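This is what each chain is made of:
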Number of protein chains: 2
Amino acid sequence: MLRLSKLTDYAVVVLIRLGEVDRVAPACVQTSPGLSAGTGVPEPTVAKVLKALAGASLVSSQRGARGGYRLMRPLTEITVADVIIAVDGPIALTACVDGSSVGCDVSSVCAVKGRWDLVNAAIQDSLAAITLADMRMASVPLAFRVPAESALLASAAE
Amino acid sequence: MLRLSKLTDYAVVVLIRLGEVDRVAPACVQTSPGLSAGTGVPEPTVAKVLKALAGASLVSSQRGARGGYRLMRPLTEITVADVIIAVDGPIALTACVDGSSVGCDVSSVCAVKGRWDLVNAAIQDSLAAITLADMRMASVPLAFRVPAESALLASAAE
DNA sequence: GTCTTTCCGGACCGACTGGGTCCTGATTGA
DNA sequence: TCAATCAGGACCCAGTCGGTCCGGAAAGAC
């Protein structure tokens, strides 16, 4: 299917949201419930996504009261490939890439052994060339996307 | 995960196999059992793959006794994107691409609406730039890959 | 020192889909 | 007429993904 997991989709949305809030209220952490409200993604799922992103050092987490998440790099320095790798693991179209022929029981017969690497590398390159800043929809102002968004932002900016 | 389905993997193997046999014995059809033996892919699965490929006009099928399958284009004119589309349907990383926002219940909030098209197009371009001839492993002679391969080929060449 | 808030880690479940099998019918050549 | 082969559908099983829940740990507030 060559389909991306929904988690990755959510991760991009959440990261862009973090980036926009950071632009309005810099150095302000965002909690997962807040990010859930701001993106429409269910809260436990946001938490799961954020955990993966924190593991990949794309966001930093702060525990305790008034804790939350914050971007570690600007959106212009985060590529789509970074996000995919953080959430779904290394990009591997088939089981045969990166030399690990484990699980391939026909490797002795396989006529394309090792050649998926070619395709894999091509895709990886195109993904690494697109940053989240490229994907942000600049035309829609933040305040118009969510009801009570402005109130939420105002409280976050304090 | 950004993973390709196994069916697509098999399809590439089968197509390359068809291309190599065609080079040795041109204008000779291959049956699915024969292709199964030549690729190590289970026979019913080969049949399923071939059906999809025939539907996309990548191979032509001939019914009846001494029927079988044959390439409709040389490997140099079949791209990886062609195969993926034939087997798995149109390349669509997320549910949001190609404008069909069906199934996306947060489209009103979504900050990246329509922006996955960018990524999708990039991937599609890189896949359309790689042909099956690029993926063929030229260094391994056909006859060395399958036991009794030469016998099989000899009978096919009649 | 205690309490609240928030992150962390794991377990768990339902639904979907991909991979594989089987069967019946249609078509073609011997 | 018969045998060989493709065509198409129904079906099942297993793996994975998306989503939920729970208890525990850390950090700040009171």
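Residues numbered from 1 in each chain as written. Chains lettered and ligands numbered in written order. Predicted model: local features only at pLDDT ≥ 70, side-chain atom pairs only at ≥ 80, totals over all residues. Heavy atoms only, no water.

**Student:** What's the story with the overall build of chain A in this structure? I'm lost.
**Tutor:** In terms of regular secondary structure, chain A is built from 7 helices and 2 strands. Listed N to C, the secondary structure of chain A is α-α-α-β-β-α-α-α-α in terms of helices and strands. Across chain A, the fraction of contacts at a sequence separation of at least 24, relative to all contacts at a separation of at least 6, is 67%. Accessible surface for chain A amounts to roughly 7400 Å². Of this, 57% is attributable to carbon and sulfur atoms. (Helix = DSSP H or I, 4+ residues; strand = E, 2+ residues; numbered from the N terminus. Contact = heavy atoms within 4.5 Å. Areas by Shrake-Rupley, 256 points an atom, 1.4 Å probe, with all protein chains shown as cover.)

**Student:** Could you clarify how one ought to interpret the pairing of strand 1 (residues 59-62) of chain B in this entry?
**Tutor:** Regular strands have side chains that alternate between both faces of the sheet. Residue and element names in this part refer to chain B. As judged from the 4 bridges shared by strand 1 and strand 2 (residues 68-71), these two strands associate in the antiparallel manner. Among the inter-strand pairings, valine 59 is bridged to a residue of strand 2, identified as leucine 71. Linking strand 1 to strand 2, which pair antiparallel, is a turn of 5 residues; within it glycine 64 sits at a positive phi near 80°. (Pairing = 2+ DSSP bridges.)

**Student:** I tried to follow the packing of helix 4 (residues 80-88) of chain A against helix 5 (residues 116-128) of chain A on my own but got confused; where do I start?
**Tutor:** Two packed helices can be described by the angle between their axes and the distance between those axes. Residues and elements named next belong to chain A. With their axes 6 Å apart at the nearest point, helix 4 and helix 5 run at an angle of 115° to one another. Contacts between helix 4 and helix 5 involve Val80, Ala81, Ile84 and Ile85 from the first element and Gln124, Leu127 and Ala128 from the second. Grouping the constituent residues of the contact of helix 4 with helix 5 by class yields 6 nonpolar, 1 polar and no charged. (Axes fitted to C-alpha atoms, helices over the stretch in contact; angles between N-to-C directions. Nonpolar A, V, L, I, M, F, W, Y, C, P; charged D, E, K, R; others polar.)

**Student:** I would appreciate a short explanation of the environment of valine 49 of chain A in the present structure.
**Tutor:** Residues and elements named next belong to chain A. Mapped onto the elements of the fold, valine 49 is located in helix 3 (residues 43-55). Distance in space between the C-alpha atoms of valine 49 and threonine 8 is 8.0 Å, their sequence separation being 41 residues. In this structure, valine 49 is in contact with Leu7, Tyr10 and Ala11, ignoring residues within four places of it in sequence.

**Student:** Which parts of the structure should I look at to understand unusual backbone geometry?
**Tutor:** A negative phi angle is the norm for most residues apart from glycine, just as the trans form is the norm for most peptide bonds. Residues and elements named next belong to chain A. With a phi angle near 60°, serine 57 is a residue other than glycine that sits in the positive phi range. In this structure, serine 57 sits in the loop between helix 3 and strand 1 (59-62). For arginine 66, which is not glycine, the phi torsion reads 60° and is therefore positive. Along the chain, arginine 66 turns up in the loop between strand 1 and strand 2 (68-71).

**Student:** Whenever I open this one, helix 5 (residues 116-128) of chain B confuses me. Can you help?
**Tutor:** Side chains three or four residues apart in an α-helix point the same way, a direct result of the helix having 3.6 residues per turn. The end-to-end C-alpha distance of helix 5 of chain B, which contains 13 residues, comes to 18 Å, matching closely the 18 Å that a straight helix rising 1.5 Å per residue would cover. The set of residues buried in helix 5 of chain B consists of Trp116, Val119, Asn120, Ile123, Ser126 and Leu127 of chain B. Taken around the axis of helix 5 of chain B, the buried residues stretch over an arc of 130°, which confines them to a single face. Looking at the packing, one finds that the buried side of helix 5 of chain B touches helix 1 (6-24), helix 4, helix 5 and helix 6 (132-135) of chain A together with helix 4 (80-88) of chain B. (Expected span 1.5 Å × (residues − 1). Buried < 20%, exposed > 50% of the residue type's maximum accessible area, 1.4 Å probe, protein only. Arc of directions from axis to C-beta.)

**Student:** Could you clarify how one ought to interpret the nonpolar core in this entry?
**Tutor:** Where a protein is soluble and globular, its nonpolar side chains tend to be buried together. Counting 72 residues, the largest nonpolar core has Leu53 and Leu127 of chain A together with Leu53 and Leu127 of chain B as the members making the most contacts within it. Not counting residues up to four positions away in its chain, the partners in contact with leucine 53 of chain B are Ala11, Leu15, Leu58, Val59, Ala86 and Val87 of chain B. (Core = buried A, V, L, I, M, F, W, Y, C linked by side-chain atoms within 4.5 Å.)

**Student:** Any chance you could explain the confidence of the model for chain A here in plain terms?
**Tutor:** Detailed reading of the predicted model is not advised wherever pLDDT is low. Residue and element names in this part refer to chain A. Of the residues in chain A, 72% have a pLDDT of 70 or more, and the chain-wide mean is 76. Mean pLDDT values over the elements of chain A span from 42, in helix 7 (residues 149-157), up to 91, in helix 3. In this model residues 98-103 is a low-confidence stretch, pLDDT under 50, and it forms 3 contacts with partners more than four residues away in sequence or in other chains. Of the regions scoring below 50 in pLDDT, residues 138-158 engages in 24 contacts with residues more than four places distant in sequence or in other chains. (pLDDT = per-residue confidence, 0-100.)

**Student:** I'm lost on the environment of alanine 129 of chain B in this one. Help?
**Tutor:** For alanine 129 of chain B, the position within the fold is in the loop between helix 5 and helix 6 (132-135). As for alanine 129 of chain B and isoleucine 78 of chain B, which are separated by 51 residues in sequence, their C-alpha atoms are 9.9 Å apart.

**Student:** What should I look at first to understand the packing of helix 5 of chain A against helix 5 of chain B in this one?
**Tutor:** One can describe the packing of helix 5 of chain A onto helix 5 of chain B by two numbers: an axis separation of 9 Å at closest approach and a directional angle of 150°. By the criterion of interaxial angle, the relationship of helix 5 of chain A to helix 5 of chain B is roughly antiparallel. Both helix 5 of chain A and helix 5 of chain B take part in a crossing whose hand is right-handed. Judged by residue contacts, Val119, Ala122, Ile123, Ser126 and Leu127 of chain A of helix 5 of chain A engage Val119, Ala122, Ile123, Ser126 and Leu127 of chain B from helix 5 of chain B. For the contact of helix 5 of chain A with helix 5 of chain B, the per-class residue count stands at 8 nonpolar, 2 polar and no charged. (Parallel < 35°, antiparallel > 145°, perpendicular 65-115°, else oblique. Left-handed = near helix turned anticlockwise from the far one by under 90°.)

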